[in-house]
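Observations on the three-dimensional arrangement
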Amino acid sequence: MKQFFADHYFRIGQAHIANGTPCQDFALSGRAGPGAWAVLSDGCSSGGHTDMGARVLSFATAAAIRAALEEGTFPAGRGGADRVGQAQKAAISEAQRVHSLDPQDMLATCLWACATPLGGMVHVRGDGVAAWLLRDGRVAMSRYDWPDNRPFYPAYEAQDGGAAFAAAQGGDMAAPVFREERWIHVPSLGFLEAGTSEHSLAEGMAGAVSLFGAAHVADEISFIALFSDGVEQIDGLGWKEAVLELLAFKTEKGAFVKRRAMRAIRDGASKGRRPVDDIACAVIGVAAED
Amino acid sequence: MPRLNDNDDLQTFQIGGNFNFQGARIANLGATEYTLVTIAVDVSGSVAGFKKELRQSLVTAVDACRKSPRSDNILLRVVTFPKFMNTGVEEMHGFKPLSDVDPAAYPDLNVGGGTPLCDACYSAIGAINSYGEQLSDQDFGVNGIAFIITDGGENTSKATMKMVRDEAQRSVSGEILESMITVLVGINASALNKELERFRREAGLTQYIDAGDATPKKLAKLADFVSQSVSSQSQALGTGGPSRNIAAVI
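Just so we're clear, the structure is a prediction, and the values are computed from it rather than from any experiment.

Residues and elements named next belong to chain A. Taken together, seven strands build an open sheet; the order of strands is β1-β12-β11-β6-β7-β8-β9 and the sheet is antiparallel. Of all strands in the sheet, those with a lone pairing partner are β1 (4-11) and β9 (190-200), marking the two edges. Within the sheet, the average angular offset between the axes of one strand and its neighbour, ignoring direction, is 15°. As paired elements, strand β7 (residues 139-145) and strand β8 (residues 176-186) share seven bridges and run antiparallel to each other. Bridge assignment links Ala140 to a residue of β8, and that residue is Ile184. Sheet contacts for helix α8 (residues 239-246): β6 (128-134), β7, β8, β9, β11 (221-227) and β12 (279-286); angle to β7, the most-contacted strand, approximately 130°. Running at roughly 35° to β1, helix α9 (residues 256-270) makes contact with β1, β11 and β12 of the sheet.

In structure tokens, the structure reads:
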């Protein structure tokens, strides 16, 4: 049976250091049941104490995924995403009540992934990047964003079912506002554009789901990676190049994501390339041998 | 002397000049950064009178390192010199996570022969350089600290002073290790202070410390010095420089 492993990393960006504000990105990962999971969340910089929101969302999402993996009910496509969404909604309400948090404190994106021998899925609510490093060296990547850098946050659903957000986006639930930009990097050819999708407002609020099957897990995928939009804001480095650099793992044991990210950021800093924004990444690895 | 590292988790690496060492397989290491520590202990014939106390000092030092809050980020190698009645060094164990080290199982010290001090320094520093370079290539943050504990001056080495000096310079160039500290410790060697200080200077080592007579009290202080220095250097990892808290006296 395929073995899975996972690790994650997050760090404060230069802009937050300069302004004396906390890191609002957060990430978690682990193994559960027959598979592994990865979660990250990016708090809204113009919200309140969204470092708290990012953590609440991450832990609630992780708990829901872990439970489903241990039950053997994941991956479950849209149904699985809805189950996690319900857990997020409940956690947001409970955290606000217990810690007297303001709704603005809970504004944070949430990206998560899980993988089992039967397949897996990636779910994106908000913005950021998902990437798949394949065994033949190719890297497929999808970047998600919203107009005017105003992403959907799961907390909106907990507030009013997302009505105010939908109204702010024009109110047309079929309007194509949630953009997915796909690229593939082939070592011998470089970056190839693989298309762009304009998902509807309704689809964006529900979150983008990418499913992959047992055959992909068995034969094709090495790593499934999630990045916050901080990966798009590294001085002098494009987001696609940054993703490649952060996925250039040397060894796979233990803190493999932290080692790679810390070295890449340290090497980048020596060339003047520093993360402007907070950055988070969470990665699931699929062991090459059964 | 039996080797304590004959298992599949270790692999053999080369330094140069027929010197080699063992270290944990890099693919099996999970932390983000490591401090590489080598303790080289003189077992020449002249330590016969206090070999039990010297072993106990080593055991105490390693045991204290295991209790350090940084113990998960320390890889320890212990060597003795000379190889039994000969030149060179004998590896008690290669670079291993402290959790895999059982100092209580360290064997009695087999004493005899001369003092191949250059061999000990070359092996101690060269192994940290070589292993550190491979760890750094695999994205690990790495610094190092080496203790060469002796009761006498150089007399039987195969390695030359130039070989030691070159490795010592490489270790502090900043190209391999974030920082490196090399400490030559004289025990029962007060009469040789000038000679050992000259050796330190010519070899390019960081520091020479006279630990005094080989009394149980002094050897206990030596153990404390070693463990405190290891902990301090490990805490300096990530700061870009060496620890500034290594004591000047024992």
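Another aspect to go through is the sheet that holds strand β2 (residues 25-32) of chain A. Think of a sheet as strands paired side by side through backbone hydrogen bonds, with each pair either parallel or antiparallel. Residue and element names in this part refer to chain A. The strand order across the open sheet formed by five strands is β2-β3-β4-β5-β10, and the pairing between neighbours is antiparallel. At either end of the open sheet lies a strand with only one pairing partner, and these are β2 and β10 (208-213). This sheet shows a mean twist of 5° between the axes of neighbouring strands, independent of strand direction. Across eight bridges, the pairing between β2 and strand β3 (residues 35-42) is antiparallel. What sits directly across from Gly30, in β3, is Trp37. Strands β2, β3 and β4 (110-116) of the sheet are contacted by helix α2 (residues 50-71), whose axis makes an angle of about 165° with β3.

For the rest of this paragraph, the subject is the side chain of Glu167 of chain B. If you trace the backbone, Glu167 of chain B turns up in helix α3 (residues 161-171). The residues touching Glu167 of chain B, leaving out its near neighbours within four places in the chain, are Tyr122, Ile125, Gly126 and Asn129 of chain B.

Residue and element names in this part refer to chain B. Per-residue pLDDT for chain B averages 93, and the proportion of residues at 70 or more is 97%. Taking the mean pLDDT of every element in chain B, the minimum, 92, falls on strand β1 (residues 10-16) and the maximum, 98, on strand β3 (residues 33-42). Two summary scores accompany this predicted model of the complex, namely pTM at 0.91 and ipTM at 0.86.

Glancing now at the pairing of strand β7 (residues 180-186) of chain B. Residues and elements named next belong to chain B. The buried fraction of β7 is high, at seven of seven residues. What you see with β7 is no split at all: Met180, Thr182, Leu184 and Gly186 on one side and Ile181, Val183 and Val185 on the other are buried throughout. Note: strand β6 (residues 141-150) against β7, seven bridges, orientation parallel. Counted as the bridge partner of Gly144 is Met180 from β7. A crossover connection joins β6 to the parallel β7 through α3; in handedness this β-α-β unit is right-handed.

On the chain A side, the residues contacting the 13 residues of chain B number 12 residues. Roughly 960 Å² is buried in total at the junction of chain B and chain A, and carbon and sulfur atoms are behind 49% of that figure. When the buried surface of chain B facing chain A is broken down by residue, Thr32, Gln138 and Asp139 of chain B rank first, second and third, together holding 53% of it. Summed over the shared surface of chain B and chain A, the result is two salt bridges. For Asp139 of chain B, the salt bridge identified is with Arg260 of chain A, shortest N-O distance 2.5 Å. Across the contact surface, chain B and chain A share seven residue pairs in polar contact (both at pLDDT 80 or more). Here the residues of the side of chain B that touches chain A are counted per class, giving five nonpolar, six polar and two charged.

Residues and elements named next belong to chain B. α3 packs onto helix α2 (residues 117-137) with a crossing angle of 35° between their chain directions and a minimal axis gap of 9 Å. Viewed along their axes, α2 and α3 form a crossing whose handedness is left-handed. Along the contact surface, α2 presents Cys118, Cys121, Tyr122, Ile125, Gly126, Asn129, Ser130 and Glu133, while α3 presents Met161, Met163, Val164, Glu167, Ala168, Arg170 and Ser171. Classifying every residue of the contact of α2 with α3 by side-chain character gives eight nonpolar, four polar and three charged.

With that settled, the discussion passes to α3 of chain B. Residues and elements named next belong to chain B. Within α3, the full set of buried residues consists of Met161, Val164, Glu167, Ala168 and Ser171. For α3, the angular spread of buried residues about the axis comes to 130°, placing them on one side. Residues of α3 that are buried make contact with α2, β7 and α4 (193-203).

This paragraph deals with the packing of aromatic side chains. All names here are of chain A. Inspection of the entire model under this criterion finds 23 aromatic pairs over all chains. Taking 5.3 Å as the distance between ring centres and 80° as the angle between the ring planes, the aromatic pair formed by Trp146 and Phe165 counts as edge-to-face. Within this pair, whereas Trp146 is found in the loop between β7 and α4 (154-160), its partner Phe165 is found in helix α5 (residues 163-168), the two being separated by 19 residues in sequence. Assigned by exposure class, Trp146 and Phe165 land together as buried. In this structure an aromatic cluster arises from ring pairing among Tyr144, Trp146, Phe152, Tyr153, Tyr156, Phe165 and Phe178. Lying over the aromatic face of Trp183, Lys240 brings its terminal NZ or CZ to 4.2 Å of the ring centre.

About the criteria used
- Starting from 1, residues in each chain are numbered consecutively following that chain's sequence as written.
- Lettering of chains starts at A and numbering of ligands starts at 1, both following the order in which they are written.
- In view of the model being predicted, local features appear only for residues whose pLDDT reaches at least 70, and side-chain atom pairs are presented and counted only at 80 or more, with totals across whole chains, interfaces and linings using the full set of residues.
- Side-chain numbers here rest on the full set of heavy atoms in the structure, without hydrogens or water.
- Should DSSP find at least two bridges between two strands, the strands are regarded as paired.
- Strands are runs of DSSP state E lasting at least two residues, helices are runs of H or I lasting at least four, and both sets are numbered from the N terminus onward.
- Axis definition: a line fitted to C-alpha atoms, limited for helices to the stretch in contact. Angles are taken between N-to-C directions and run from 0 to 180 degrees.
- What makes two residues a contact is simply this: any of their non-hydrogen atoms within 4.5 Å.
- For every residue, the predictor reports its confidence as pLDDT, a number between 0 and 100.
- Think of it in three bands: residues with accessible area under 20% of the maximum for their type are buried, residues over 50% are exposed, and the middle band is partly exposed, with areas taken using a 1.4 Å probe on protein chains only.
- By definition, the crossover connecting two strands over a helix is right-handed if that path, from the first strand to the second, turns clockwise as seen with the strands pointing away from the viewer.
- Buried area: the sum, over both parts, of the accessible surface (1.4 Å probe) that disappears when the two are put together.
- Salt bridges are defined as contacts in which a side-chain nitrogen from Lys or Arg sits within 4 Å of a carboxyl oxygen from Asp or Glu.
- Between N or O atoms, a polar contact is any pair within 3.5 Å; within protein, one atom must be a potential hydrogen donor and the other a potential acceptor, and residues adjacent in sequence are included only when both atoms are from side chains.
- Polar here means any residue outside two lists: the nonpolar Ala, Val, Leu, Ile, Met, Phe, Trp, Tyr, Cys and Pro, and the charged Asp, Glu, Lys and Arg; Gly therefore counts as polar.
- Working rule for handedness: look at the near helix, and if it is turned counterclockwise from the far one by less than a right angle, call the crossing left-handed; if clockwise, right-handed.
- Throughout, the arc means the angular range of directions from the helix axis out to the C-beta atoms.
- Within 6.5 Å between ring centres, the rings of Phe, Tyr and Trp (the latter by its six-membered ring) count as paired, and their orientation is classed by plane angle as stacked under 30 degrees, edge-to-face over 60, tilted in between.
- In this analysis the charged atom, NZ for Lys or CZ for Arg, is taken to sit over a ring once it is within 6 Å of the ring centre and within 35 degrees of the ring normal.

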